[in-house]
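Structural characterization, general
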Amino acid sequence: MTPSLRPLSLAAVGLLGAIASLHGSAADPPKVDATFTPAQVEFYEKEVKPVLVQHCLKCHGAEEKVKGGLNLTTRKAALDGGDSGPAFDPKNPAASHLQKAIEYKDESMRMPPKGKLPDKELAVLTKWVKDGLPYPADQLGGAATQAPPKPRGGVVTEEAKRYWAYQPVKRPAVPEAKGRGWVKTPVDAFVLARLEAKGLKPVKPADKVALVRRAYYDLWGLPPTPEQVDAFVKDQSPDAWEKLIDELLASTHYGEKWGRYWLDVVRYAETNGYERDGPKPFAWRYRDYVIRSFNADKPYDLFVKEQLAGDEMPGYNPDAVIATGYYRLGLWDDEPADPLLAMYDGYDDLVTVTGQGFLGMSLNCARCHDHKVDPIPQADYYRMVAFFRDIRPFSDTRGTMSSTNTTDISPPEKQKLYEGELKDRRTKIDDLTRKMTAAENEAIKKMPAEDQRAAEGVDRPLVVAKVPQFLGDHEKADYLVWKKERAALEKKPWPPGQEFALSVNHCDPRPPAVFVLPRGNPHGKGAEVKPGFPEVLGVPGPVIPPATGKTSGRRTLLANWIASPANQLTARVMVNRVWQGHFGRGIVPTPSDFGKLGELPTNPELLDWLASEFVQPSGGGTPWTLKRLHKLIMTSGVYQLSAAGDETNLKADPANALLWRFNMRRLTAEEVRDSILTVSGKLDPTLYGPSVFPKIPAEVLAGQSIPGNGWLKNHGGGYDPKNPDAGNRRSVYVYVKRSLQVPILATHDQADTDNSCPVRYTTTVPTQALGLLNGEFANEMAAAFSARLAKEVPGDLSAQVARAVRLTTGRVPAADEVVKDAAFVAELKAKHKLDDRTALARYCLLLLNANEFVYVD
């Protein structure tokens, strides 16, 4: 699909909106069916079209509205012109309104209105006009106000199926670039080919100190120690870089870093959100499952299958059951005004995170109507819902024997010791519940009409509280006895050592029918649909097996299709996420939307080559493994480039879309906190287990409806002021409460947990500097940092300064830098009458606020 057929960038500006007021028209109708050479058409495709998409087509190519009547998506439309005549004069191209507008020769024709085009882009459009406004053959015709020649969203046509993301992945040939000496891996050949096509060259490689720091943060999310930096810098062996990568990938810190990327995608949180924001029991086991999976280099296709259908896998497989916690991580309203709507909101969450997370498809946009842009009919959305319809909605039943949210994952031999007792207990509870429900129903019949109506919905518990008032003496006595007995059974301690996991459980082996819901309204029904895959991908519908087990088996069919090597999207989406993790931006900059509302890949051949290599390694090895992909990317020359600028490259490619240099980046929220803990010597490296509760200032807790609720130890949380260091583990282990964030994580752009988070956009706001300078955490850690320095290099201020710089930046400070910094500390002592430790702590606080500490280049 060509860019001119795509929807428009929100940042694009219309090129010729003012042409509606221009004068003049051609004396003779210009010829639409002009003949253009292949070279001219290729120039349009590769050079002109990107400029039009970026600057023009929002106003002059939109489907709903075309400003000034001018549409530039076909040649005929451009020749017909706008409200006041043609934009192009074939007899005198230089005098065309189009040419005048982009040259800013006339104040009434200045386009784009926000500023003149850069010289290079202006030259591209000028040549296009001079050549006679060449278009591809399929874009010659079309009326001036006609919508772009693309299928309407929601309609699956043969043309729609030709869109790049819906095509099968085919391994492209590695290009023969001119600068072969720079090429270290095939990745470089693809990048260099694009650079050379634009006349650009990559900058010089990064120095070894910058490179080792980059590697540690990219794979561990932690700063290297000075000793680790020195070891790499001194290693002059030709495979020093590969050895470092292998060492970092073998560490458990790798899973802690890269597991966090996946937790962003699946909207990981440990509470339900909304007003009460109650806990999700044992959610931390899912987090640990993700970290362990990355550390074990679990094949991605298995990783997918376990999360989507782990409970349908045979045998005792606690990892697979834990993986289905994926379904339970979303928001949950414990008192919805419309329970049926809330239930479908829950299914919408599953369709959304599955479609975007695994497939890069915005299937959720078709909940209420056909997708407005992508070829996704509304029926496709509900076919996807049908896969999940066997999952019972999340409920507040975690403390009962019939929980749909948790599963006993204790080893079978342990379960045998108590399963008889539990079965007996469950039978008694069910029997008592049946008796109580029958008595309640009889009592409700005697209640006022409004109570009877309320008992039919979410307010039944409130109505049930009145039941004893409407029972006879004998019935009332029995009811109260049953109630007391059931409560005692439910509160009876679980067998010691019993292990639970947040998961799906008690699924419906015969799911209810699923219907298309007009306008997404669950109270109205359209046509019935069966489970099925998106029509545009051209995959035959699944054969639904008969219900024979505890589940319907539908999700296994979905998982197998998503994890199939033949799936057009799965491998592309995941390798793009890995690329984004290393370079800060994906080859497709919209990693969860490969559709037309997203952005085009900057290097589609590289994307497909990586996807092919991911699924079918050319050098052998296990398919779908991530560590091999990391190493392939990191051993490339493009990954090892410096972040330095280049004047020529900056003019031609200011956004560095072609990767002529490495993108400098700020540390993530977790990296900021973890790095501060590391250099201060306070980081607790304990792996896995229940989440920790770091100290949160009282001023922040005061913003809760019940201050400290769900955080302080005496308010249902885990923070104990008597043991504050218990919260000093890595940030991936910090309790994720939707309504309450640790300040240093929140201010540095921690992931939004209400939805899948495909990209963390880096902000620069005053609260970051204020928090790092004045915040309680930063000052406490600065004091701990100074204590560490005093212990490691006692009595030598210059040595303490040098050590502090090395710990925070990795580099060896220059002699004059050490002298100046030591003088600064001495000045602090004298001017503010501080003792040695306090003055050094102030200096440490300064280093924790330095850009060199919080940025990686």
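The structure presented is a predicted model; accordingly, all values stated were derived computationally and were not measured.

Further remarks concern helix H11 (residues 252–265). The end-to-end C-alpha separation of H11 is 21 Å, in line with the 20 Å expected for 14 residues at 1.5 Å each. Counting buried residues in H11 gives 12 out of 14 residues, a clear majority hidden from the surface. Three or more residues of H11 are buried, namely His253, Tyr254, Gly255, Glu256, Lys257, Trp258, Gly259, Arg260, Trp262, Leu263, Asp264 and Val265. Where H11 begins, the side chain of Ser251 points an oxygen toward the backbone nitrogen of His253, at a separation of 3.0 Å. Directly after H11, the chain includes Arg267, whose backbone phi takes a positive value near 50°.

Taken as a whole and judged by the stated rule, the model has 55 salt bridges. The partner of Glu45 in a salt bridge is Lys49, with the nearest N and O atoms 2.5 Å apart. Residue Glu45 and its partner Lys49 are both found in helix H1 (residues 38–55); the two are separated by four residues, about one turn of the helix. Given the relative accessible area of 0%, Lys49 is considered buried. Among the salt bridges present, the one from Arg803 reaches Glu792, with a minimum N-O distance of 3.0 Å. Taken together, the positions of Arg803 in helix H31 (residues 797–809) and Glu792 in helix H30 (residues 776–792) put the pair 11 residues apart, joining distant regions of the chain. Assessed through its relative accessible area of 18%, Arg803 is described here as buried. Take Glu792: its relative accessible area is 38%, and that puts it in the partly exposed class. Put simply, Asp218, Lys257, Arg665 and Glu671 are held in one network by salt bridges that share partners.

Here the focus is the nonpolar core. Residues Trp262, Tyr286 and Leu610 are the most contacted members of the largest nonpolar core, which totals 130 residues. The biggest single contributor to this core is helix H15 (residues 339–359), with eight residues. Apart from residues no more than four positions distant in its own chain, Leu610 is found in contact with Val187, Val575, Trp579, Ile587, Leu629 and Leu632. With 44 residues, the next largest nonpolar core counts Phe693, Leu789, Val818 and Leu848 among its residues.

If you walk through the whole model with that rule in mind, you get three cavities of 30 Å³ or more. Quantified by volume, the largest cavity comes out at close to 130 Å³. Around the largest cavity sit 14 residues that line it, and Trp579, Thr602, Ala657, Leu658 and Leu659 are the ones nearest its centre. Elements that contribute at least two residues to the lining of the largest cavity include exactly helix H7 (186–197) and helix H22 (570–583). Its residues assigned to classes, the lining of the largest cavity comprises eight nonpolar, four polar and two charged.

Reading the values: rules and limits
Residues numbered from 1 in each chain as written. Predicted model: local features only at pLDDT ≥ 70, side-chain atom pairs only at ≥ 80, totals over all residues. Heavy atoms only, no water. Helix = DSSP H or I, 4+ residues; strand = E, 2+ residues; numbered from the N terminus. Expected span 1.5 Å × (residues − 1). Buried < 20%, exposed > 50% of the residue type's maximum accessible area, 1.4 Å probe, protein only. Polar contact = N/O pair within 3.5 Å; in protein donor to acceptor, adjacent residues only side chain to side chain. Salt bridge = Lys/Arg side-chain N within 4 Å of Asp/Glu carboxyl O. Core = buried A, V, L, I, M, F, W, Y, C linked by side-chain atoms within 4.5 Å. Contact = heavy atoms within 4.5 Å. 1 Å grid on protein atoms, 1.4 Å probe; cavity = no way out; pocket = protein on both sides within 12 Å on 5 of 7 lines; lining within 4 Å. Points joined across faces, edges and corners; volume = space filled by probe spheres on them. Nonpolar A, V, L, I, M, F, W, Y, C, P; charged D, E, K, R; others polar.

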